[in-house]
Amino acid sequence: MRASERLIGTDLDLRTGDLRQSERRLLHQPSLDIVLAAGLLEWTQGYEYQLQSSRPSPGADNDLERTEVLQRIDWTPVELPAVTAWIDHQTTRDDLFVDRDDTLSLVQAEETRGPFSYVISQRDEFIDDHRADVQEDRVDRTFRATYRDDHFDQRLTTSLSVFQETRHTVTEVPIGAATVPADEIPILGGFAAIDTSPEISNLPPLPSLVDGDDTTSTGVNIGGFVSGGELGWNLAASRADDAPIELALLSTVDPVDDFLLDQFSFSAWASEDGTFWTLVTGDVPFTYEQAFRRFRVQLPMVTAPFVKLVNTASPPAGPAVFVSDLRLFGTSSASPSSERTATRELTRSLTGNVSFRAADDLVLGYDLFVQRAERERDDVSTRDEDRVDNGLSALWTPSEIVDVSLRANDRRTQDATRLDETFRSYNGLLGIRPLDALDLALNWTSTWRERDGLRDFETSALRESAGAQLLETLEAEVAFEQSTQKDIANDRIVTRDIVSASTTANVTRDVDLTLSARDVSATVEGSGAADIPDPDERITEALLVYQPSSQLTAEVDFEWRDTFAGSGLDRRVRLDWIPFPEGSLDVQLDAQRLSSELGATSVDRYQMLTRWTMNPSVFVEFNWARLVPDTGDRSTTTSLALNGRF
């Protein structure tokens, strides 16, 4: 049996001049799990309740209640497939926005026999949204079979996997209403900036926010203060028509942990000209889809040409959460009087890999991915895609001091309802270690893309780097990179010359000093050059780390920035302290000042995190954070949490 209780109280205070807004929040979250085992059979009964109360001033009070009841059975017989079955019922209610029931169930069988394995499952989900009077019933059926084995004294390794998934979704809405999220709304441009006065704001362009690529390693950080995240990010998009919008998807680079999601909130705004904005709702309901790494934000119907979301809360001590993509969806306009919409999706794929050790110093590889994907909405095809992705690789290590790797990859996608795309990439790496204390590397990359038979994008990059252990207490690294990006579709060419260097010295047994610098000199040519910001940047950093023992670490960090987003000196002091040898108390203190010559602004961040472990089952957390900008809202967050497992 496991029993747990979380109790978190938070006070938030925002001030702008003589105006003040405060809010008190209380989270009460008990849970209970009971597990009974009898031989090969295990039964689990789970229950969780959550009450989140918000008391803003000014503003409307709101109580959000969630319950979850789980029943699960696991059967693991010998020489037979293992079977798992569970049913999960969730309810969500609040005073303002949400009133829904979700019922999920899963039946799954899996087995492994030698090199063969398979998994068969069926997942059912029924959503009943009482506020919108919308019901959705979805059934997913999945089959996966895999073969993997070694041959010829493990010189040859082969693997093959086949996969099929079918999904049937039926959505019912009131007659005459057009509230079924359907077609994606084409976006003309993306915009983003931190603006604590969202009523009047001209946002700078950020094309990468709406480029459809949710895997980029960059984005805007809406995570916790301690990780560099900031509140007040205005994430906006413009479009050409006035089709109603009811859904926004905010993709993140990495998945967000479930226990942090309750501390995020967003407001929604609309504008006719991109300058003067009207508040649509101050707290939009959302869910987070872990499998797709995205916030699913439900909007009231918006028809304005400009739409934006503003993050108004995030977990102060949470990790970085980078938003990489924004997409908008409207309503089904094909049959607005229909009360039932049916969607069918079918995905079949085959994945294969062969690795052959041709000689002791040479390994060759080939991988293949083939996929067929179909989607129909009310018997009308919306996806008809064939994809073939394959690559060749080679790893050659002729001696202990030289290694060479090469890879070529080709991806072809054909979709009769959308577009045809070809993407090809080449990569080579030469590593040389002439001395034990010296590493040299040369990396080359080239890619190009075609859409509907027209090449629209090309890149090439060459990077040389060297790392050396100069002395027992001194190491250094230097790198040079030349890259060219040809955006043929937008008629611009970006050329970058990048120089970076760093050195780390053990000044004393307890003190390390790291100095680093990065200089990016870039040119932009073509008629589309004006659509992107100046890519030049220069960053210099000095980091001092003092660690007299495993119980105490102090850091002092100075960073000088000169980038398109602003220039200035950022300063940070951080202390990690474990006062007692047994580690029962952990204290973190963090002070940071971010400065920018752009508008001559600066922001101070202060944070204290403490955790007291009373025993292995019970611990108390006290967190305090303050954000103090030169202009705009000042915020203070204080939380006290008691967590227990019995």
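In this text the structure is predicted, and so the values were computed from the model without any measurement. (Residues numbered from 1 in each chain as written. Predicted model: local features only at pLDDT ≥ 70, side-chain atom pairs only at ≥ 80, totals over all residues. Heavy atoms only, no water.)

1. Observations concerning the overall build of the protein
For the protein, the count of helices and strands is 0 helices and 37 strands. Across the 646 residues in the protein, those meeting the buried criterion constitute 34%. Across the protein, every contact between residues at least 6 apart in sequence was considered, and the portion connecting residues at least 24 apart equals 54%. When the accessible surface of the protein is totalled, it reaches about 35,100 Å², and 56% of it is carbon and sulfur. (Helix = DSSP H or I, 4+ residues; strand = E, 2+ residues; numbered from the N terminus. Buried < 20%, exposed > 50% of the residue type's maximum accessible area, 1.4 Å probe, protein only. Contact = heavy atoms within 4.5 Å. Areas by Shrake-Rupley, 256 points an atom, 1.4 Å probe, with all protein chains shown as cover.)

2. Things to note about the confidence of the model for the protein
Interpretation of this model should avoid reading the predicted coordinates in detail wherever pLDDT is low. For the protein, mean pLDDT is 84; residues scoring 70 or higher make up 88% of the total. By mean pLDDT, the top-scoring element of the protein is strand β5 (residues 82-93) (94), and the lowest-scoring one is strand β10 (residues 181-184) (60). Confidence over residues 175-181 falls short of pLDDT 50; this stretch has 24 contacts with residues more than four positions distant or in other chains. Across residues 332-338 the pLDDT falls below 50, and counting only partners more than four positions away or on other chains, this stretch makes 12 contacts in the model. (pLDDT = per-residue confidence, 0-100.)

3. A look at the sheet that holds strand β16 (residues 277-281)
Ordered by their spatial adjacency, 5 strands build an open sheet running β11-β13-β19-β15-β16, and the pairing between neighbours is antiparallel. Strands at the two margins of the open sheet, each flanked by one partner only, are β11 (189-194) and β16. Shown here is a sheet whose adjacent strand axes are inclined to one another by a mean of 25 degrees, direction ignored. Across 5 bridges, strand β13 (residues 233-238) lies against strand β19 (residues 306-313) in antiparallel orientation. Paired with Leu235 across the strands is Leu309, a residue of β19. (Pairing = 2+ DSSP bridges. Axes fitted to C-alpha atoms, helices over the stretch in contact; angles between N-to-C directions.)

4. Some remarks on the environment of Arg626
Relative to the elements of secondary structure, Arg626 occurs in strand β36 (residues 618-629). Sequence-wise, Arg626 and Arg605 are 21 residues apart; in three dimensions their C-alpha atoms are separated by 5.8 Å.

5. Some points on the pattern of salt bridges
Using the criterion set out here, one finds 37 salt bridges in the structure. Linked through salt bridges whose partners overlap, the residues forming this network are Arg344, Arg372, Glu374, Glu376, Asp384 and Asp386. (Salt bridge = Lys/Arg side-chain N within 4 Å of Asp/Glu carboxyl O.)

6. Re the pairing of strand β9 (residues 156-172)
Look at any regular strand and the pattern is simple: side chains alternate between the two faces of the sheet. Bridge analysis of strand β8 (residues 134-151) against β9 gives 17 bridges, and the strand direction is antiparallel. Residue pairing for β9: Arg144 is matched across the bridge by Phe163. Following β8, the chain reverses through 4 residues before pairing antiparallel with β9; Phe152 in that reversal takes a positive phi of roughly 50 degrees. Examined bridge by bridge, β9 and strand β21 (residues 340-359) share 17 bridges and lie antiparallel to one another. Note that in β21 the partner of Glu165 across the bridge is Thr347.

7. Re the side chain of Asp101
Residue placement: Asp101 occurs in strand β6 (residues 99-113). At a separation of 3.1 Å, a polar atom in the side chain of Asp101 contacts the side chain of Arg93. Among all residues touching Asp101, those that are not within four sequence positions of it are His89, Gln90, Thr91, Arg93, Phe126, Ile127, Asp128 and His130. (Polar contact = N/O pair within 3.5 Å; in protein donor to acceptor, adjacent residues only side chain to side chain.)

8. Structural notes on the nonpolar core
Side chains that are nonpolar tend, in soluble globular proteins, to be buried together. One finds Phe264 and Phe295 to be the most contacted residues of the largest nonpolar core, which totals 32 residues. Contributions of two or more residues to this core are made by β13, β14 (245-252), β15 (265-271), β17 (286-289), β18 (294-302), β19 and β20 (322-331). The element best represented in this core is β18, accounting for 4 residues. Apart from residues lying up to four places away in sequence, Phe295 is in contact with Ile222, Ala248, Leu249, Leu250, Thr252, Leu261, Phe264, Phe266, Phe286, Thr287 and Tyr288. Grouped together as the second largest cluster of nonpolar side chains are 8 residues, Ala193, Trp269, Phe306 and Val310 included. (Core = buried A, V, L, I, M, F, W, Y, C linked by side-chain atoms within 4.5 Å.)

9. Focus: the pairing of β18
In this structure, β14 lies alongside β18, joined through 6 bridges in antiparallel fashion. Looking across to β18, one finds that Leu250 is bridged to Phe295. Inspection of the sheet shows β17 paired to β18 by 4 bridges, in the antiparallel sense. Residue pairing for β18: Thr287 is matched across the bridge by Arg296.

10. Describing unusual backbone geometry
At Gln154, a position not held by glycine, the phi torsion is positive, near 65 degrees. Position of Gln154 among the secondary structure elements: in the loop between β8 and β9. Given the relative accessible area of 61%, Gln154 is considered exposed. In the Ramachandran plot, Asp452 falls in the positive-phi region, its phi being about 50 degrees despite a non-glycine side chain.

11. Some details on the packing of aromatic side chains
Throughout the structure, instances matching the rule amount to 8 aromatic pairs. Look at Phe191 and Phe306: their rings are 6.4 Å apart centre to centre, the planes differ by 50 degrees, and that puts the pair in the tilted class. Remark: Phe306 occurs in strand β19 and Phe191 occurs in strand β11; sequence separation between them is 115 residues. Each of the two residues, Phe191 as well as Phe306, counts as buried. Centre to centre, the rings of Phe266 and Phe295 are 5.4 Å apart; their planes meet at 70 degrees, and the pair counts as edge-to-face. With Phe266 in strand β15 and Phe295 in strand β18, this residue pair connects regions lying 29 residues apart in the sequence. The pair formed by Phe266 and Phe295 is uniform in burial state, with each residue classed as buried. An aromatic cluster of three or more residues is present, and its members are Phe264, Phe266, Phe286, Tyr288 and Phe295. Its end group placed over the ring of Trp269, Lys308 keeps NZ or CZ at 5.6 Å from the ring centre. In this structure, Arg611 is placed above the aromatic ring of Phe619, and the distance from its NZ or CZ to the ring centre is 3.6 Å. (Phe/Tyr/Trp six-rings, centres within 6.5 Å; stacked < 30°, edge-to-face > 60°. Lys NZ or Arg CZ within 6 Å of the ring centre and 35° of its normal.)

12. Concerning the side chain of Ser161
You can see Ser161 is positioned in strand β9. Here the side chain of Ser161 touches Thr146 through a polar contact of 3.4 Å, side chain to side chain. When residues no more than four places from it in sequence are discounted, the contact partners of Ser161 are Arg144, Ala145, Thr146, Ser349, Leu350 and Thr351.

13. A closer look at the environment of Gln414
Structurally, Gln414 can be placed in strand β24 (residues 402-415). Apart from the residues within four sequence positions on either side, Gln414 is in contact with Asp384, Glu385, Asp386, Leu419 and Asp420.

14. Notes on the environment of Leu430
For Leu430, the position within the fold is in strand β25 (residues 421-435). Residue classification places Leu430 among the partly exposed residues on the basis of a relative accessible area of 31%. Each C-alpha atom of the pair Leu430 and Asn443 lies 6.5 Å from the other, and the pair is 13 residues apart in sequence.

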